[in-house]
Number of protein chains: 2
Amino acid sequence: MPKPTITDIAKALDITASTVSRALAGSPKVSQATRMLVERKAAEMGYERNVLASSLRRGVTDTVGMVVPRVNRQFFSNIISGAEAVLNPAGYNLIISQSHEHSEDERRAIQTLLRNQVSGILISHSIETKDAEAFKDMLASTGVTVIQFDRAFEGIGDLCVVNDNFECARSATRHLIESGYERIGYMGGDESSNVYVDRKAGYMAAMREAGLEVNDDYMFSNCITRDKGFYNAAKAVERGCGALYCAGDYAALGVIEYARDKGIKIPEDFGVVGTANENFTDVVYPSLSSVEQNSTEMGTAVAKAFLDIKSGKALNTDKIIIPTRLIVRDSSKRRKY
Amino acid sequence: MPKPTITDIAKALDITASTVSRALAGSPKVSQATRMLVERKAAEMGYERNVLASSLRRGVTDTVGMVVPRVNRQFFSNIISGAEAVLNPAGYNLIISQSHEHSEDERRAIQTLLRNQVSGILISHSIETKDAEAFKDMLASTGVTVIQFDRAFEGIGDLCVVNDNFECARSATRHLIESGYERIGYMGGDESSNVYVDRKAGYMAAMREAGLEVNDDYMFSNCITRDKGFYNAAKAVERGCGALYCAGDYAALGVIEYARDKGIKIPEDFGVVGTANENFTDVVYPSLSSVEQNSTEMGTAVAKAFLDIKSGKALNTDKIIIPTRLIVRDSSKRRKY
DNA sequence: GCAAGAAATTCAAACGTTTGTATTTTTGCA
DNA sequence: TGCAAAAATACAAACGTTTGAATTTCTTGC
C-alpha cells in the first residue's frame, strides 16, 4: 500500500483534491463540515503531506542549512543544539555541513544547500576564509536568508550574531589587573578573524583604561592550541610576563601545564584566564578561569532571528550581540574574591 | 532573473527538455555532440538541478536523517562529524534531530524525517526509550533504510553499529587486575541499555577469568554523572573497594575528586579507569585512564554501511562492531607499564 | 538507392501539491 | 418565489524533473 495522497482522500470522499488541500491547510474557503470530514479521513488513512511536492509547488522549503567549521567542537555543537531546539518545533529541518576549516569546502557546502532550496543559511566561516568575496554573488542572486554567526564578514548576509568579544577580553583582562597581576600579556588567534581582532582590542582597552602599557613582548598571536600555549608561555615567563589573558582555553591549558612543569605557582606567581569555558576548565588543576560564551544561547538567537526574518518581522539591527560571562576559578584567584 | 530550468536550456538550444535531462544525466541515449552543447549551455546559464522536482519525480531523496539524544555531546558530535564527512561527498545531505533523551521527541523526529522522505534514518535511541515497539510499525510501512548505532534494539532496522562494549569493559578491568589492584568494583549506567548491559558483562567476565569474585558491595548502577561518581566513590571506599572500572568518564572524574578530597592517593592507593576518553581525561590530575570509543570512526562506519545498503551491496552481517582501545594514563598506573 | 535497424530525439504523462479562476450551491432578502 | 450575493466547491494549470513509448533521423549493408 503506497502512501495515500490528497487525491486518494478526495476520491474516498468524492470531492476534489483542491478542496482537500485547502481543508488541510485550514483555508476559510472550505466549509466546517467538509474540513471535519477531510481531517477525519486523512487521519484514518494515515495521510502525510508530501513535503517535496508541497515545496516544489510553493517554491519554498522548510529547511535551513547550517555551515560550521566542525560539528564536533563544543562551541559549535552547542550552537547546533540551540538552533535545532528552536527550529524543529517551528517546523523547520536543519541540515548540517562542515567546512573542515577550508574555504573550498565551505563554498561547496553553500552550493549544495542552495541547490537544495534551503530557505536559510546559517554560517560561521572557516578559518581559511578571509573575506566574503567568493560568496557575495553566489548568495546575492538567491532569495535565501543568510545569517552569519561568530565568524562574520561585512557586506554579506541579512544579519550577524556574535559574542561580545571586545567586552569578553576587556572584563577578563580587567579582572587580572584588579587581582593585582602586573605585566599582563595576551595570547590570541589569527587576526583575519573578527573574533580575535575584537578580543585583542578588548585586552588593549582594559590595559589602557588602567593606565598600563601594552608590551609587545607579552603579545602572542596565532596562539590558540595547547602546544602553542605551552611554547609561548615559556617565552612570556622568560620575558618577565606576570599573567596572560588567553583568547582560547587550549592555549591557557598549555600555559598551566608549562607553569606546572617549571614549578611556577598559579595563581600565586602567575595568573591565567582563558576563553570559551571548555568543559575541561573546571577539571584541570588549578581550575581555569574562563569566559563563558553562551554558545547554546547563540544558537537559539541565530534560529530565532531567522524565524523573525521569515515572519517578516523588521529587525532593528543587523548585529545581535550575545553577552559573555567571566567565570573566575583558581587560576586567577590571587586576591580574595 | 529566475533560476534557469532544463526547459530554458532546451529552448535556448531548440531541443526538448527530455533530451536536456538525459544529457545532464549522462544517458547513453543522447549523442555526444548534444551532450556537449547542453553541458556548455547549462554551465553558461548557471543551471542547477532543482532537487525538489527531481526527488519528487524519482520518488527518492538524497537526504538522510540522524536522530541523537543530544548533538552537543562529544561522542555524538564526533559521530555526526564522521557521518557527515562520508555522506556529503557521496551526494547526501544530513538532517539532524535531537531527542533530548525523550521518547516522544524521538518519535516526532522520526515522523518528521519520514515526512521529509529521507532515504535513510540513522538513530541512537534516547535513554527514555526502553524498546522498539513504538517505532516498529512506523518504520515498517516505509522503505527507508534504518541503521541504529550505539544504543540499539533488536527487531528493528537494517543494521546496527555498536562499540565492542563487552571487550571494552573486559580489557579495562583486566588492566586493573594486572596492575595489582584488588577488590575491583564497577560503576555503570541504566541497564535497560545494551551499552551498560554489555559493559557490566565485560567487567564480570574479566573478574571471573581472573578467578576473582564479584562483590555486590562494589557494584553501582545508574551511576554515570560526576556527582553520582563522587557520592558512590565514598560508599565504595568505605566498603573496602580498591579500584573502580567506570562505564563513564564523568563518574570516574567524580571518583578522582572524592579521592583528592579525602587524600586517597591515585594510583597508589586506588585505581580508576573510565570510559569514553572524554577530552578532559588527560587534563584532570591525575590523568584518567580511559577507553577510547572511536566515535568518529563509528560515524563513518554508519555512513558507509548506509551507502553500501543503498548501492545494493549485500551485508554479511547485521551488526558492525567498532573496536575500542584502552588508553592507560596515571589513574591506574600502579605498576610500571 | 533503399530498406532495415540503430541511434537520437520528441511526446506526453506523471510525481503530489497549491492556487487563480470558473462554476455550482447555498443563503438571505425583498 | 425569485434573484443577487456569498459561500463552497470544482476545474485546470503549474512547479521542474524524469521516463516509457512513439517518432524522426541517421547508418549500414546490399
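Structure first, text after, so check above.
Note that the coordinates shown come from a computational prediction; the quantities given were computed from them, not determined experimentally. (Residues numbered from 1 in each chain as written. Chains lettered and ligands numbered in written order. Predicted model: local features only at pLDDT ≥ 70, side-chain atom pairs only at ≥ 80, totals over all residues. Heavy atoms only, no water.)

Caption draft 1: Representation of the nonpolar core in the model. In terms of nonpolar packing, the biggest core is built from 53 residues, with A:Met66, A:Phe149, B:Met66 and B:Phe149 touching the most fellow members. Not counting residues up to four positions away in its chain, the partners in contact with A:Met66 are A:Ile79, A:Ile80, A:Ala83, A:Leu94, A:Ile95, A:Ile96, A:Ser97, A:Leu113, A:Leu122 and A:Phe149. By size, the runner-up hydrophobic cluster in this structure holds 46 residues, among which are A:Cys241, A:Ile256, A:Val284 and B:Ile266. (Core = buried A, V, L, I, M, F, W, Y, C linked by side-chain atoms within 4.5 Å. Buried < 20%, exposed > 50% of the residue type's maximum accessible area, 1.4 Å probe, protein only. Contact = heavy atoms within 4.5 Å.)

Caption draft 2: Broad picture of the protein's contact with DNA strand D. Around DNA strand D, a shell composed of 26 residues is seen, among which A:Arg22, B:Ile6, B:Arg22, B:Tyr47 and B:Arg57 lie nearest. Considering the 4 Å shell around the protein, atoms of DNA strand D inside it are sugar or phosphate in 58% of instances. Interatomic distance of 3.0 Å between a backbone N/O atom of A:Ser31 and a phosphate oxygen of DNA strand D. In this structure, B:Ile6 approaches DNA strand D through a main-chain N or O atom, which is 2.6 Å from a phosphate oxygen. (Near = heavy atom within 4 Å. Polar contact = N/O pair within 3.5 Å; in protein donor to acceptor, adjacent residues only side chain to side chain.)

Caption draft 3: Structural context of the packing of aromatic side chains. Residue and element names in this part refer to chain A. Going through the model one piece at a time under the given rule, you end up with 12 aromatic pairs over all chains. Arranged with centres 5.5 Å apart and planes meeting at 90°, the rings of Phe 230 and Tyr 258 form a pair that is edge-to-face. Of this pair, Phe 230 sits in helix H10 (residues 226-238) while Tyr 258 sits in helix H11 (residues 249-262), and the two are 28 residues apart along the sequence. The buried category is assigned to Tyr 258, whose relative accessible area is 10%. Joined through ring pairs, the aromatic side chains of Tyr 186, Tyr 203 and Tyr 245 make up one cluster. (Phe/Tyr/Trp six-rings, centres within 6.5 Å; stacked < 30°, edge-to-face > 60°. Helix = DSSP H or I, 4+ residues; strand = E, 2+ residues; numbered from the N terminus.)

Caption draft 4: The protein's contact with DNA strand C, seen in detail. In the neighbourhood of DNA strand C, 26 residues make up the surrounding shell, with A:Ile6, A:Arg22, A:Tyr47, A:Arg57 and B:Arg22 lying closest. Here DNA strand C approaches the protein such that, of its atoms within 4 Å, sugar and phosphate make up 58%. Between DNA strand C and A:Tyr47, the relevant distance is 2.3 Å, taken from a phosphate oxygen to a side-chain nitrogen or oxygen of the residue. Broken down by secondary-structure element, the contributors of at least two residues to the surface near DNA strand C are helix H1 (6-13), helix H2 (17-25) and helix H4 (51-58) of chain A together with helix H2 (17-25) and helix H4 (51-58) of chain B. Examining the composition of the surface near DNA strand C, we find that 4 residues originate from one element, H4(A), more than from any other. Looking at the surface near DNA strand C, its residues break down into 7 nonpolar, 11 polar and 8 charged. (Nonpolar A, V, L, I, M, F, W, Y, C, P; charged D, E, K, R; others polar.)

Caption draft 5: Quick peek at helix H3 (residues 32-45) of chain A. Residues and elements named next belong to chain A. Helix length check: H3 (14 residues) gives 20 Å between terminal C-alpha atoms against 20 Å at 1.5 Å per residue, within 8%. What H3 keeps buried is the set Arg 35, Val 38, Lys 41 and Ala 42. For H3, the angular spread of the buried residues around the axis is 135°, confining them to a single face. Among the exposed residues of H3, those oriented more than 90 degrees off its buried face are Gln 32, Ala 33, Arg 40, Ala 43 and Glu 44. Buried-residue contacts for H3 involve H1 and H2. One or two positions beyond H3, positive phi appears at Gly 46, with a value near 70°. (Expected span 1.5 Å × (residues − 1). Arc of directions from axis to C-beta.)

Caption draft 6: Structural detail: the relation of the copies chain A and chain B. Of the transformation placing chain A onto chain B, the axial shift is 0.0 Å and the rotation is 180°, giving an RMSD of 0.1 Å. The transformation relating the two chain copies, once decomposed into turn and shift, fits a two-fold axis. An overlap of 100% is found between the interface residues of chain A and their copies at the interface of chain B, pointing to a shared contact surface. (Least-squares fit on C-alpha atoms with pLDDT ≥ 70 in both.)

Caption draft 7: Looking closely at the pattern of salt bridges. Residues and elements named next belong to chain A. Scanning the model with the defined rule gives 38 salt bridges over all chains in all. Note that Arg 108 is salt-bridged to Glu 104, the shortest N-O span being 3.9 Å. Placement of the pair is Arg 108 and Glu 104 together in helix H6 (residues 103-115), with a separation of 4 residues, close to one helical turn. When its relative accessible area of 38% is taken as the criterion, Glu 104 is described as partly exposed. A salt bridge links Glu 257 to Arg 226; its shortest N-O distance comes to 2.6 Å. Note that Glu 257 is positioned in helix H11 and Arg 226 in helix H10, a separation of 31 residues in sequence. Since its relative accessible area comes to 15%, Glu 257 is described here as buried. Taking the relative accessible area as the measure of exposure, Arg 226 reaches 23% and is therefore partly exposed. (Salt bridge = Lys/Arg side-chain N within 4 Å of Asp/Glu carboxyl O.)

Caption draft 8: Inspection of the pairing of strand S3 (residues 120-123) of chain B at higher detail. Residue and element names in this part refer to chain B. Residues of S3 alternate between two faces, with Gly 120 and Leu 122 on one and Ile 121 and Ile 123 on the opposite face, all of them buried. Bridging between S3 and strand S4 (residues 145-149) involves 4 bridges; their strand directions are parallel. Following the sheet pairing, Leu 122 is matched in S4 by Ile 147. Running through helix H7 (residues 133-140), the crossover from S3 to the neighbouring parallel element S4 is right-handed. (Pairing = 2+ DSSP bridges. Right-handed = clockwise from strand over helix to strand, strands pointing away.)

Caption draft 9: Geometry of the interface of chain A and chain B. Taken together, the contact pairs 43 residues of chain A with 43 residues of chain B. Buried area between chain A and chain B, both sides added, is near 4100 Å², and the carbon and sulfur share of it is 50%. There are 4 salt bridges connecting chain A and chain B. With a shortest N-O distance of 4.0 Å, A:Glu48 and B:Arg115 are connected by a salt bridge. Taken together, chain A and chain B are joined by 18 residue pairs in polar contact (both at pLDDT 80 or more). Broken down by class, the residue content of the side of chain A that touches chain B amounts to 17 nonpolar, 18 polar and 8 charged. (Buried area = accessible area lost by both parts, 1.4 Å probe.)

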